[in-house]
Amino acid sequence: MRVERYGALTARTYDVLSGEPVYGVGRHLALPALGLRPGQRVLDLGCGTGLNLPALLDAVGPTGTVVGLDRSPAMLEVAGRRRAPSPGRGRLRLAQGDMADPEALREAAAGEPFDAVVATYALSLTPDPARVWRAVTGVLRPGAGVAVVDMARPTGAAAWSAPLARLACRLGGADIDAHPWVVVEPELTRTRSWIRRGGHVRVLVGTWR
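Being a predicted model, the structure only gives us computed values, none of them experimental. (Residues numbered from 1 in each chain as written. Predicted model: local features only at pLDDT ≥ 70, side-chain atom pairs only at ≥ 80, totals over all residues. Heavy atoms only, no water.)

## Focus: the nonpolar core
Note the cut-off: The nonpolar core is taken to be a set of buried Ala, Val, Leu, Ile, Met, Phe, Trp, Tyr and Cys residues, with the residues joined through side-chain atoms within 4.5 Å. Each residue's exposure class comes from its accessible area (1.4 Å probe, protein chains only) as a fraction of the maximum for that residue type: buried when under 20%, exposed when over 50%, partly exposed otherwise. The helix count covers DSSP runs of H or I at least four residues long, the strand count covers runs of E at least two residues long, and both are numbered beginning at the N terminus. Whether two residues are in contact is decided by their heavy atoms: any pair within 4.5 Å suffices.
L43, L45, L140 and V146 are the most contacted members of the largest nonpolar core, which totals 30 residues. Put simply, the parts of the chain that give this core at least two residues each are strand 1 (41-45), strand 2 (65-70), helix 5 (102-109), strand 4 (114-120), helix 6 (129-137), strand 5 (140-151), helix 8 (181-184) and strand 7 (201-208). In this view, V146 contacts L34, V117, W133, L140, V184, L188, L204, V205, G206 and W208; residues no more than four positions away in its chain are not counted. Within the second largest apolar cluster, 28 residues are counted, among which are A30, L34, L36 and L56.

## Re unusual backbone geometry
Positioned with a positive phi, A110 is a non-glycine residue whose angle comes to about 55°. Relative to the helices and strands, A110 resides in the loop between helix 5 and strand 4. The exposure class of A110 is exposed, given its relative accessible area of 56%. Of note in the backbone geometry, R197 takes a positive phi value of approximately 55° without being a glycine. With respect to the secondary-structure elements, R197 resides in the loop between strand 6 (188-196) and strand 7.

## Notes on the pattern of salt bridges
Note the threshold: When a carboxyl oxygen of Asp or Glu lies within 4 Å of a side-chain nitrogen of Lys or Arg, that pair is called a salt bridge.
As enumerated under the stated definition, the model contains seven salt bridges in all. R81 serves as the salt-bridge partner of E77, at 3.5 Å between the closest nitrogen and oxygen. Of the two residues, E77 and R81 are both situated in helix 4 (residues 73-82); the distance of four residues between them amounts to about one turn of the helix. Judged by relative accessible area, E77 falls into the exposed class, the value being 53%. A network of salt bridges, in which partner residues are shared, links R41, E112, D115 and R141.

## Concerning helix 5
Basically, it comes down to this: An arc is given here, and it is the one of the directions from the helix axis to the C-beta atoms. We call two N or O atoms a polar contact when they sit within 3.5 Å, provided that within protein one can donate a hydrogen and the other can accept it, with sequence-adjacent residues counted only if both atoms are side-chain atoms.
Among the residues of helix 5, those classed as buried are A104, L105, A108 and A109. Within helix 5, the buried residues cover an arc of 140° as seen down the axis, which keeps them to one side. On the buried face of helix 5, the contacting elements are strand 1, strand 2, strand 3 (91-96), strand 4 and helix 6. Near the N-terminus of helix 5, the side chain that reaches the backbone nitrogen of E103, with its oxygen 3.0 Å away, is that of D101.

If you want it as structure tokens, here you go:
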């Protein structure tokens, strides 16, 4: 989870405090399932400190491009410094902007639509995930791959952890009841989904149109 409002201090400590032992499972499921190919262009929506970037850059190869969009300059500074591409990886470009702003998304696309978009623990940070999704579709190619990873309340045997999950989401500025995959799924085909961590982590991967 990402706490943009806490600024530079949070950006420096995000990887330690982000709960990757719990939440990393979503990334590990979603990113390979996208089936990215060399040469593709990928948008990492709300990229934060760049936890997705190494896997995405490896997947698109030296002829591909990954664009990380985030509203926080402090997060982007960390992403650029710590997730810099290495030989054999794709090109990386970081863009500052609000993911709900169509103009920011168009600037991130730089005139060329994306072959895939990844939103990991990002859409639940926005007050209107549907608005963000509508804006994102404006910069996607037909047939683009889509991966959404986000959170819900733990259920069943894991229900005991629901207060902790709610607290973690509240501290991160996320709405645990946003369920953004519900907004996205009706517009996707060939969908696959996973539920992990007692229902707390939800993963949806599919093809737009």
